[in-house]
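Geometric and topological summary
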Amino acid sequence: MTSLLALITDGSTAFIAFTVMMIAIFVALVVIIGRER
Amino acid sequence: MTGLLATLAPTFGKGILVTICAFILFVGSVYVILAAIFGRKLGYFVLMAGFFGWMIVLSALWVVGSGPLKVSGASATLPDLGPRGTEPYWRVIAAGPGPQKTSYSLTTEYPGPGWTLANPATEPSVATLTSSIQDYLAAQAQQHVTGDTQILPGSFVVQNVQFASSGDTGLGAATAYFATGGPAITVFAVFDQGNVPVFSWAFLLASLVGFAIHVPFLDRLEKSRKEILTGGAAPPWYGPA
C-alpha cells in the first residue's frame, strides 16, 4: 500500500489514480448489482 | 523520434492519459446518469449533442472573443484565449558577410535606402529580433563545436538593427559578431505572422461537424420515443447503465 502511494508524485498522477479508483468502484457496483438480480 | 518527444515534451504521455481520464470521469459520469434515464442509445446522443453544443459555444468564444460585449471599455473576452498555434516570430532567412541575395530584393541593399535604423528604446521589435538572431547564431556555432562546450545566445552582440517592409512582409536586419572576437555577420530575418487561432478554428469546425452528425440521430430517436408514449412498443431493457 505504501509503495502504491509512493507512485503518486503530483496532481496529474493523483487524478489518474482517482479515475482508476472510480472505474474500479463502478465495475464492482455493476458486478454486485448483476449478481443480486 | 521517441527520444525527441521525450526531450521536447516530457509530460506528453501523461497529458494524454489525464485527458482520457478527464473524459471518463467528467463525461462518463454524466453519461451514466443520462443512460439510466434515457437508455443507452438516446443517452449517448443527448450527451453528445450537449457536449458538441457546449464546445461550439466555447470554441466560438476562442475564435471571436466577446465582440461587442464590453466591460469598462475593454472587450470582456479577447479572441485567441483557447489553445494557441504558432506565435508571431522572426525567422532568419539569410546570414553572411555583407548583403545577401534572398527572395526579397531589399536584402541586397542593406544598409541603404528602404532600411530604417530602429530605436531600441521605443521599438519592442528590436529586442525580439535581437534574441532571434542570437538564438540562430548560437545554434549555427554549436554545430561547429566539438566536445561539450555550450555556445550561449548571449555571447553574440547584435548591432545596427534596421527594419524594412516588402509589401505586407516585415523585414529585419542586423550585424552580429561573437563577443570575444570574430567577423561581423549580417543577418536577415522575415517577420512570420504565425498562426495563433488555428487550433481555435479546428475546435470550432470539429464541434460543428460533431454536432451536425449527432443531432439528426437524436431527432429520430426522440421521435420514436414519443411513439412509445402514444402507444408504441417500449425499447428493450438492458439493465442500469
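Everything numeric here is computed off the predicted structure, so don't read it as measured data. Each chain carries its own residue numbering, running from 1 in the written order of its sequence. Both sets of labels track the order of writing: A upward for chains, 1 upward for ligands. Confidence filtering applies because this is a predicted model: local features only for residues at pLDDT of at least 70, side-chain atom pairs given and counted only at 80 or more, and all residues used for totals across whole chains, interfaces and linings.

Attention now goes to helix α2 (residues 11-36) of chain A. Helix and strand assignments follow DSSP, with helices taken as H or I runs no shorter than four residues and strands as E runs no shorter than two, numbered in order from the N terminus. Each residue after the first adds 1.5 Å to the expected span of a helix. Here α2(A) contains 26 residues, and its C-alpha end-to-end distance of 37 Å stays within 8% of the 38 Å for a straight helix at 1.5 Å per residue. Little of α2(A) is tucked away, with one of its 26 residues classed as buried. Any residue with 12 or fewer other C-beta atoms within 10 Å of its own C-beta is exposed, any with 20 or more is buried, and the rest are partly exposed; the C-beta atoms used are placed from the backbone.

On to the interface of chain B and chain A. Each residue is represented by a C-beta atom placed from its backbone, and any two residues with such atoms within 7 Å are regarded as in contact. Across the boundary between the two partners, chain B contributes seven residues, which contact seven residues of chain A. The residue classification treats Ala, Val, Leu, Ile, Met, Phe, Trp, Tyr, Cys and Pro as nonpolar and Asp, Glu, Lys and Arg as charged. All others, Gly included, are polar. For the side of chain B that touches chain A, the residue count by class is six nonpolar, no polar and one charged.

All names here are of chain B. A strand pair is defined by DSSP finding two or more bridges across the two strands. The pairing of strand β5 (residues 156-166) with strand β6 (residues 169-178) spans nine bridges and is classified as antiparallel. Bridge assignment links Gln-162 to a residue of β6, and that residue is Ala-173. Hairpin remark: β5 followed by β6, antiparallel, with two residues in the connecting loop; positive phi at Gly-167, about 70 degrees. Bridging between β6 and strand β7 (residues 185-192) involves six bridges; their strand directions are antiparallel. Each residue of the ladder has a partner; that of Ala-174, found in β7, is Val-187. Counted between consecutive antiparallel strands, the loop separating β6 from β7 contains six residues, among which Gly-181 sits at a positive phi close to 125 degrees.

Shape descriptors only; they carry no functional weight alone.
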